[in-house]
Amino acid sequence: MPSPSLYETDFYAWTQEQATLLQNQQWSQIDLQNLIEEIQSLGKQQRQELRNLLGVLIGHLLKWEYQSGHRSRSWLATLRIQRLDIAELLEDNPSLKLYLEEALGKAYLKGVELAVGVQGATNGSKPSQIKV
């Protein structure tokens, strides 16, 4: 049985080794298969982060709308921070703007769940009736 690779036993050390190999142009020693997988994973993480930020924003917007009696500075701060974080993510990753419409659709469902998860958050409205 072959011994586990550095990738499997110490991911951080593996990343540092791969960076050094790339910087030194030691192409034949690069763990190409795992490097490709990790680069693809990084892109997926950025998309997931966008969906998560949008979901929290939408959930708080819905709560702001449907629980107006419970509005607080904390909720307002959350709305502002989510908007700033989304803007920063899109500024750092402009190609994510092409994914924005799809992300909004998925995030909306999570936002509704966030708002509905709070008892009375929608004043009896069903999630399909809630519009942002």
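Residues numbered from 1 in each chain as written. Predicted model: local features only at pLDDT ≥ 70, side-chain atom pairs only at ≥ 80, totals over all residues. Heavy atoms only, no water.

S.K.: What is the right way to look at the pattern of salt bridges in this model?
M.R.: Oppositely charged side chains are able to pair whenever their charged atoms sit close together. Scanning the entire structure with this criterion turns up 2 salt bridges. Linking Lys106 and Glu102 is a salt bridge whose minimum nitrogen-to-oxygen distance equals 3.1 Å. Linking Lys106 with Glu102, this pair stays in helix H5 (residues 100-116), spanning 4 residues, or about one helical turn. According to the relative accessible area criterion, Glu102 is partly exposed, its value standing at 41%. (Salt bridge = Lys/Arg side-chain N within 4 Å of Asp/Glu carboxyl O. Helix = DSSP H or I, 4+ residues; strand = E, 2+ residues; numbered from the N terminus. Buried < 20%, exposed > 50% of the residue type's maximum accessible area, 1.4 Å probe, protein only.)

S.K.: What is the right way to look at the side chain of His60 in this model?
M.R.: Here His60 is to be found in helix H3 (residues 32-66). Every residue in contact with His60, bar those within four places of it in the chain, is listed here: Trp75, Thr78, Leu79 and Leu114. (Contact = heavy atoms within 4.5 Å.)

S.K.: Please clarify how the packing of H3 against H5 should be interpreted in this entry.
M.R.: What describes two packed helices is the angle between their axes and the distance between those same axes. Look at H3 against H5: their axes get within 7 Å of each other, and the N-to-C directions meet at 45°. Between H3 and H5, the angle is such that the two are oblique. With respect to the hand of their crossing, H3 and H5 are arranged in right-handed fashion. Of the residues in the contact of H3 with H5, the class split is 13 nonpolar, 6 polar and 6 charged. (Axes fitted to C-alpha atoms, helices over the stretch in contact; angles between N-to-C directions. Parallel < 35°, antiparallel > 145°, perpendicular 65-115°, else oblique. Left-handed = near helix turned anticlockwise from the far one by under 90°. Nonpolar A, V, L, I, M, F, W, Y, C, P; charged D, E, K, R; others polar.)

S.K.: What should I look at first to understand the confidence of the model for the chain in this one?
M.R.: A low pLDDT score tells you not to read the predicted coordinates there in detail. Scored by pLDDT, the chain comes out at a mean of 90, with 89% of its residues at no less than 70. Of all the helices and strands in the chain, H5 carries the lowest mean pLDDT, 93, while helix H2 (residues 11-23) carries the highest, 97. (pLDDT = per-residue confidence, 0-100.)

S.K.: Can you help me understand the nonpolar core in this one?
M.R.: Core analysis: the biggest nonpolar cluster contains 17 residues, and Leu50, Leu54, Leu62 and Ile86 have the highest contact counts within it. For this core, the secondary structure elements donating two or more residues are H3, helix H4 (73-92) and H5. The greatest single-element share of this core, amounting to 7 residues, is contributed by H3. Residues Tyr7, Trp14, Leu21 and Leu35 belong to the second largest nonpolar core, which totals 5 residues. (Core = buried A, V, L, I, M, F, W, Y, C linked by side-chain atoms within 4.5 Å.)

S.K.: Could you clarify how one ought to interpret the packing of H3 against H4 in this entry?
M.R.: The contact between H3 and H4 brings their axes to 9 Å, and the two run at 155°. Relative to H4, the element H3 is oriented roughly antiparallel. Where H3 crosses over H4, the handedness of that crossing is left-handed. Contacts from Gln46, Glu49, Leu50, Leu53, Leu54, Val56, Leu57, His60, Leu61, Lys63 and Trp64 in H3 reach Trp75, Leu76, Thr78, Leu79, Gln82, Arg83, Asp85, Ile86, Leu89 and Leu90 in H4. Residue classes in the contact of H3 with H4 are distributed as 13 nonpolar, 4 polar and 4 charged.

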